Amino acid sequence: MALSTALICNQAVLFNKEPVIDIGSKLCAVGQAAQGSCKLSDPVGSSDFRREFYKSKKIGAGFLQQPSVSSRNLFLRASSSSDPASGHSKVELVYDPKSQLDELTREYTDAAPASRLTLFSPSKINVFLRITSKRPDGYHDLASLFHVISLGDVIKFSVSPSGTKDSLTTNVGGIPLDDRNLIIKALNLYRQKTDSNVFFWVHLDKHVPTGAGLGGGSGNAATALWAANQLSGCHVSEKELQEWSGAIGSDIPFFFSKGAAYCTGRGEVVQDVSPLPLDLPLVLVKPKEECSTAEVYKHFHLDQVNFSDPIQLLSEITRNGISQSLCINDLESPAFEVLPSLKILKERILAASRGRYQAVFMSGSGSTIVCVGDPEPPQFLYEEDDYRDIFISDAYFLTRKENEWYQPPTSECILASGDENSIAEACRG
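Residues numbered from 1 in each chain as written. Predicted model: local features only at pLDDT ≥ 70, side-chain atom pairs only at ≥ 80, totals over all residues. Heavy atoms only, no water.

**Focus: the overall build of the protein**
From N to C terminus, the protein includes 14 helices and 16 strands. Looking at the protein residue by residue over its 429 residues, the buried ones come to 45%. Counting contacts in the protein only where the partners sit at least 6 residues apart, residues at least 24 apart contribute 69% of the total. Looking at the protein as shown, the accessible area adds up to about 21000 Å², and 49% of this sits on carbon and sulfur atoms. (Helix = DSSP H or I, 4+ residues; strand = E, 2+ residues; numbered from the N terminus. Buried < 20%, exposed > 50% of the residue type's maximum accessible area, 1.4 Å probe, protein only. Contact = heavy atoms within 4.5 Å. Areas by Shrake-Rupley, 256 points an atom, 1.4 Å probe, with all protein chains shown as cover.)

Take a look at the structure:
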């Protein structure tokens, strides 16, 4: 019986070069063991086994240096010792079931489709936001430079045994957990479009504030579509996911860009553009109060907007970088009417920064104020009681690689230290 086709049963087996010590253990064929039986045969002291054992050439320095030896369905742990009295060298071979179980688990995992996935779900800012016209359907056409940033949530997805509904949990209160949530809407959309019958357990670890103009919910929806496609075997292309996503949210298609895009229409027409410097520090400041997008648009008047050409704004930012004059947001004025304290906050940041920031502007429909060019928030935000509940976060611009989802930035990017090229690579995930 060749060693490579044997499974050691019962206890450890000790071998001397001459003679082989028989301590009562037996050998059985792996094939028999795999069928649930272990027929005891061939005593270890038999000449047949001794001949096959040494013929296998597995005894030697190389073999003994390995903590375990495996061939298909065989896992042996080996150790050696010498007996000074007899001068014999002893080899102890022990059947290692844990290694066998680990190997079978790996083989099963590799062969089976993924059933769990943890993804970073990023947010975005509008570097500029122009409202260009009102549509017959009541929406407004816009032209905006969107950019993904490093502030984001973490979402865990698991395939659910339920064949009827998804389950959503989160770490914060006040977030709907039913089909009002964009994550559930995205999963429903995916099943509707693909005829999939897969449902999910989802846990949302929320870090992006709501009502902030940062697109956190839209990023969640895009991430959910990506996850559903991955866990269902990647049946559709990113392009299809992007096209479908506009049905449940105007900002969602943007997240299927590479991270920087010029968006038009309601926001669903997405054109990839060159990203902004990934090592450029941002500070995000959001008061406790939120801005309702619907309320902001109620105060919006098309005849009172800035008439700067958005294509020209994009060109200037691409060539020369971000500056205060280029970061125009047509929704700032109506948002300041809805939330007058937001206007005061922006003015105070501008005054306190004394030129440290390249630009200070509101993102989306508010209420986040974005400060570009310096990682330090204004000191008054920490000193005054009026701002004790304010949300402050550093951030960087973020992109993603082809056929990969967004990755959280490494500490190298967050610290913004070291070689510029390595920082940029870290911020790409």
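Right, picking up where we left off after that structure.
**Thoughts on helix α6 (residues 216-231)**
Its 16 residues place the ends of α6 22 Å apart at the C-alpha level, agreeing with the 22 Å of an ideal helix rising 1.5 Å per residue. A large share of α6 lies buried, amounting to 14 of its 16 residues. (Expected span 1.5 Å × (residues − 1).)

**So, the nonpolar core**
Among the nonpolar cores identified, the biggest contains 62 residues, and Leu345 and Ile349 are the most heavily contacted of them. It is α6 that provides the largest number of residues to this core, a total of eight residues. Ignoring sequence-local partners within four residues, the contact set of Leu345 consists of Val285, Pro287, Ile369, Phe380, Leu381, Tyr387 and Ile390. (Core = buried A, V, L, I, M, F, W, Y, C linked by side-chain atoms within 4.5 Å.)

**Looking at the packing of aromatic side chains**
Tallying each qualifying case throughout the model produces seven aromatic pairs. When the ring of Phe146 is compared with that of Phe254, the centres are 5.1 Å apart and the planes differ by 50°; the resulting orientation is tilted. Within this pair, whereas Phe146 is found in strand β8 (residues 140-160), its partner Phe254 is found in the loop between α7 (238-245) and β11 (260-264), the two being separated by 108 residues in sequence. The residues Phe146 and Phe254 share a single accessibility class, namely buried. Where Phe380 meets Tyr387, the ring centres are 5.5 Å apart and the plane angle is 75°; that geometry is what we call edge-to-face. Tyr387 carries the same exposure label as Phe380, and that label is buried. An aromatic cluster is built from Trp226, Phe256, Trp405 and Tyr406, whose rings are joined through pairwise contacts. Sitting above the plane of the Phe199 ring, Arg191 keeps its charged end 3.9 Å from the centroid. Residue placement shows Arg348 over the ring face of Phe380; its charged tip is 4.2 Å from the ring centre. (Phe/Tyr/Trp six-rings, centres within 6.5 Å; stacked < 30°, edge-to-face > 60°. Lys NZ or Arg CZ within 6 Å of the ring centre and 35° of its normal.)

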